[in-house]
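Letter by letter, the chains look like this.
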Amino acid sequence: MAIKKKIQELRRKREEVQMGGGEAAIEKQVAMGKMTARHRIQTLLDEDSFQEYDMFVEHDARDFDMGKKVLAGDGVVIGTGSISGRPVCVFAQDFTVAGGSLGSMHSRKIVKIMDHALKLKMPLIGINDSGGARIQEGVNSLAGYGEIFFRNTISSGVIPQISVILGPCAGGAVYSPALTDFVFVVENISKMFITGPEVIKTVLGEEISMEDLGGARVHSEITGNAHFYAKTEKECFEQIKKLLTFIPWSNEQKALLVEPRLPRPEFKAGEVMPDDPKQPYDVRDVIKSVVDDSEFFEIQELWAANIVIGFGRMGGKTCGFVCNQPLVLAGVLDVDSSDKAARFIRYCDAFDIPIVTLVDLPGYLPGVDQEHAGVIRHGAKVLYAYSEATAPKITVILRKAYGGGYIAMGSRHLRADFVFAWPTAEIAVMGPEGAANIIFRKEITDAQNPEEMRQQKVQEYREKFANPYVAASRGYIDAVIEPDETRKRLLHALEVAAEKTVTMPRKKHGIPPF
Amino acid sequence: MTAPKDRINPSGKPENPSHEIKTLNVLGEIYHTRLTRKFLSRKPWKKPDEKQLMSFIPGTICSIFVKPGDVVDVNGKLLILDAMKMQNVICSPVAGTIRSVLVKEGEKVKKGAVMIEFK
């Protein structure tokens, strides 16, 4: 009988903790369109797979009458479970308990599951929904954040780290998501900022809503802090599950091998390119013409849309795609698109995911704002990331590859394993208009009809240099291929490059132009 | 050419002007392409006016030491700008005469607000 009683006692205690901050707080959470922490985990993970730890952890704060307060699980739920049958570590802050505020024990729970994830080599998924530091706990709360940031950093490139922002995530707390690989946000629910609207109002007298300052849309389109945007929490969890099908569980493993499939017949590489080289097209149509089942999983779709990044499969194996997008800003490289590309290249390389680069860019975006924003340093990140990457690198030059842009976009010179070019490729120092104006300046100004002469010289330059054959004659590209041969060529190149080994000079680490 | 398919707008909000095909000049070549909202909201660069003293940080004016007509030296004290829990003494970048003081004590100023003009 005594044992039965003890078991009942355990059940009662569990139920108490599972109620989080109590019915009223849960009602409030639901009224905001949010799920509770445990409901979120249950929705994200395989049914009945979640195993919770540290349920009975209690805070140890005594100042400001904190000793009298009972905070269920100290405002965070941690545990392990599975997604599509594969193990994951997860924590979810519980906003119904003291606003999900982070105190010493709260952080220790997060740290425990982070250590598990790193040791056991599985992804860490963190669901953030917290008012921030628990002010009553003072520097102990800050210490907690520090321990989390440290682990985010040392786990980076070893295991995938995913941050899901499902509520406020403000002040120092934002740095944990910023250090992780992928940040997911949901419309009207996610709010991220260093200083909130109230501080801004006090200091600046400027009124701005949380949504306009650091809402999901802002971080998805303007700042680039978020990678995936969803309208509902449910949609967000589906995105996470999808992402996990593409990425390896650690840097010692390969991504899932999926049954290879042909691209869908409606996507034909040979039909994407317009006749006029100044007209745009959607580079995603080219990606879809080469990847299995024409399935392309785009990352940061809304931010710096002049470059397209994401995952697709070639012959069942995950590849990372980095592609200029002529449809937006003519596909130029600029501060944002350089940052976006460089970080993704480093992600792929860290997990040894082959990088496929599709090139069509007129160069760098001209402008005082770009120069003053440091486009030199940001643009250099792309060079650094490609040069440093030892994962298989295959490049296809579709159309324009001018100047510094040609070098930056996974060129032979940065050790691409294979470089192909379509017959439409124009590989040159600059576009025909600009080049002709410089090279034939004298002829043009001296001509009886300068404009006519200019047009003639532009045409001359175009015929001579706006093609792939000059680069091919130097061996800078390995083959000029028909657009419809692209998939076949890529598949073969990826196969032969798969077991690539590269020795780099010994060093502690490089100093990328962050 | 194949017409670029319109992207799905996940927010369902009215679409920004960035989906129209416009032209963009890159090194003399004119391209037909979409322009992003961020690109369209760029502020044109203006050469800073050396006769104007602008706040380098948002804050509150604590005290003002000069009035129109005063002659100041380089590094002469002009005012104190309280910002980020710090009282910043703002000194004159030039030697000259004050034309006007555009702020009052206790006033909150934004970053880039003109505080003092020199003759």
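Every value quoted in this text rests on a predicted model; they were computed, and no experiment measured them.

(A) Quick peek at the overall build of chain A. Helix and strand content of chain A: 20 helices and 17 strands. Here chain A has a C-alpha radius of gyration of 26 Å; the compact-globule value for 514 residues is 24 Å, and the two agree. In terms of overall dimensions, chain A has a C-alpha envelope of 105 × 55 × 45 Å along the principal axes. Relative to its 514 residues, chain A shows a buried fraction of 57%. If you take every contact in chain A between residues at least 6 apart in sequence, the share linking residues at least 24 apart comes to 73%. Accessible area for chain A stands at about 23,000 Å²; split by element, carbon and sulfur atoms hold 55% of it. Averaged over its 62 positive side-chain charges, chain A has a centre that lies 5 Å from the centre of its 68 negative ones.

(B) Structural context of the pattern of salt bridges. Scanning the entire structure with this criterion turns up 43 salt bridges over all chains. Arg 151 of chain A is paired through a salt bridge with Asp 115 of chain A; the nearest N and O atoms lie 2.8 Å apart. One end of the pair, Arg 151 of chain A, is in helix 5 (residues 139-155); the other, Asp 115 of chain A, is in helix 4 (residues 104-120), with 36 residues separating them in the sequence. Look at Asp 115 of chain A and you get partly exposed, because its relative accessible area is 34%. Between Glu 460 of chain A and Lys 457 of chain A there is a salt bridge, and its shortest N-O distance comes to 3.4 Å. A residue pair is termed a helical-turn pair when its members lie 3 or 4 positions apart in one helix, as Glu 460 of chain A and Lys 457 of chain A do in helix 18 (residues 450-465) at three residues. Taken together, the shared-partner salt bridges connect Lys 278, Glu 433, Glu 451 and Arg 454 of chain A together with Glu 29 of chain B into one network.

(C) Just a negative patch on the surface, in detail. Residue and element names in this part refer to chain A. On the surface, a cluster of negative charge is made up of Glu 271, Glu 482, Asp 484 and Glu 485. Relative to the helices and strands, Glu 485 is located in the loop between strand 17 (479-480) and helix 20 (486-497). Of the residues examined, Glu 485 reaches a relative accessible area of 31% and is grouped as partly exposed.

(D) The interface of chain A and chain B, seen in detail. Every contact between the two is made by 45 residues of chain A and, on the other side, 34 residues of chain B. At the boundary of chain A with chain B, total buried surface from both sides reaches about 3,500 Å², with 56% on carbon and sulfur atoms. We note a salt bridge from Glu 29 of chain B to Lys 278 of chain A, for which the minimum N-O separation is 3.9 Å. Our enumeration of links across chain A and chain B arrives at 13 residue pairs in polar contact (both at pLDDT 80 or more). The element that contributes the greatest number of residues to the side of chain A that touches chain B is helix 7 (residues 197-204) of chain A, accounting for four residues.

(E) Here's a closer look at the environment of Ile 208 of chain A. Residue and element names in this part refer to chain A. Turning to its location among the elements, Ile 208 is positioned in the loop between helix 7 and helix 8 (210-214). Its relative accessible area of 33% is what places Ile 208 among the partly exposed residues. Residues Ile 208 and Glu 9 lie 199 residues apart in sequence; the distance between their C-alpha atoms is 50 Å. Not counting chain neighbours up to four residues away, the residues in contact with Ile 208 comprise Pro 197 and Leu 213.

(F) Local environment of the pairing of strand 6 (residues 77-83) of chain B. Residues and elements named next belong to chain B. Among the seven residues of strand 6, five are classified as buried, and the element is accordingly described as predominantly covered. Here strand 6 pairs with strand 7 (residues 86-91) via six bridges, running antiparallel. When the bridges of strand 7 are listed, Ile 80 appears paired with Val 89. Taken together, strand 6 and the strand that follows it, strand 7, pair antiparallel across an intervening segment of two residues, in which Met 84 is found at a positive phi of about 50°.

(G) Quick look at the domain arrangement of chain A. Residues and elements named next belong to chain A. Entries for chain A in the domain assignment read domain 1 (2-245), domain 2 (269-429 + 466-497) and domain 3 (432-465). Relative to domain 2, the C-alpha centre of domain 1 lies at a distance of 36 Å. On the domain 2 side, the residues contacting the 23 residues of domain 1 number 14 residues. Around 1,500 Å² of area is buried between domain 1 and domain 2 when both sides are counted, 59% of it from carbon and sulfur atoms. Three residues stand out in domain 1 for area buried against domain 2, namely Phe 182, His 227 and Lys 242, and they jointly supply 29% of the buried area on that side.

What counts and how
- As a convention, each chain's residues are numbered from 1 in the sequence order in which they are written.
- Working convention: letters from A go to chains and numbers from 1 go to ligands, in the order in which they are written.
- Given that the model is predicted, a residue must reach a pLDDT of at least 70 before its local features are reported, and side-chain atom pairs must reach 80 or more before they are shown or counted; all residues, however, enter totals for whole chains, interfaces and linings.
- Values shown for side chains rest on all heavy atoms present in the structure; no hydrogens or waters enter the calculation.
- Secondary structure elements are taken from DSSP: a helix is a run of H or I of four residues or more, a strand is a run of E of two residues or more, and numbering for both begins at the N terminus.
- Only C-alpha atoms enter the radius of gyration; for comparison, a globular chain is expected to reach 2.2 Å times N to the power 0.38, where N is the number of residues.
- Relative accessibility thresholds used throughout: buried, under 20% of the residue-type maximum; exposed, over 50%; partly exposed, between the two (1.4 Å probe, protein chains only).
- In what follows, a contact means two residues having at least one pair of non-hydrogen atoms within 4.5 Å.
- To measure how exposed things are, a 1.4 Å probe is used in the Shrake-Rupley method; for residues, cover is taken only from the protein chains shown.
- In this tally, Lys and Arg are treated as positive and Asp and Glu as negative; His is ignored, and so are the chain termini.
- Note that the charge is assigned to NZ on lysines, CZ on arginines, CG on aspartates and CD on glutamates.
- Here, a salt bridge means any side-chain nitrogen of Lys or Arg that lies within 4 Å of a carboxyl oxygen of Asp or Glu.
- Patch criteria: residues need more than 30% relative accessible area and no salt bridge. Like-charged residues are merged within 9 Å; nonpolar side chains of Val, Leu, Ile, Met, Phe, Trp and Tyr are merged within 5 Å.
- By buried area we mean how much accessible surface two parts lose on assembly, using a 1.4 Å probe and totalling the loss over both.
- Nitrogen and oxygen atoms within 3.5 Å of one another constitute a polar contact, given that in protein one can donate a hydrogen and the other can accept it, and given that sequence-neighbouring residues count only through two side-chain atoms.
- We treat two strands as partners when DSSP finds at least two bridges between them.
- Domain extents, as shown, originate in an automatic or database domain assignment.

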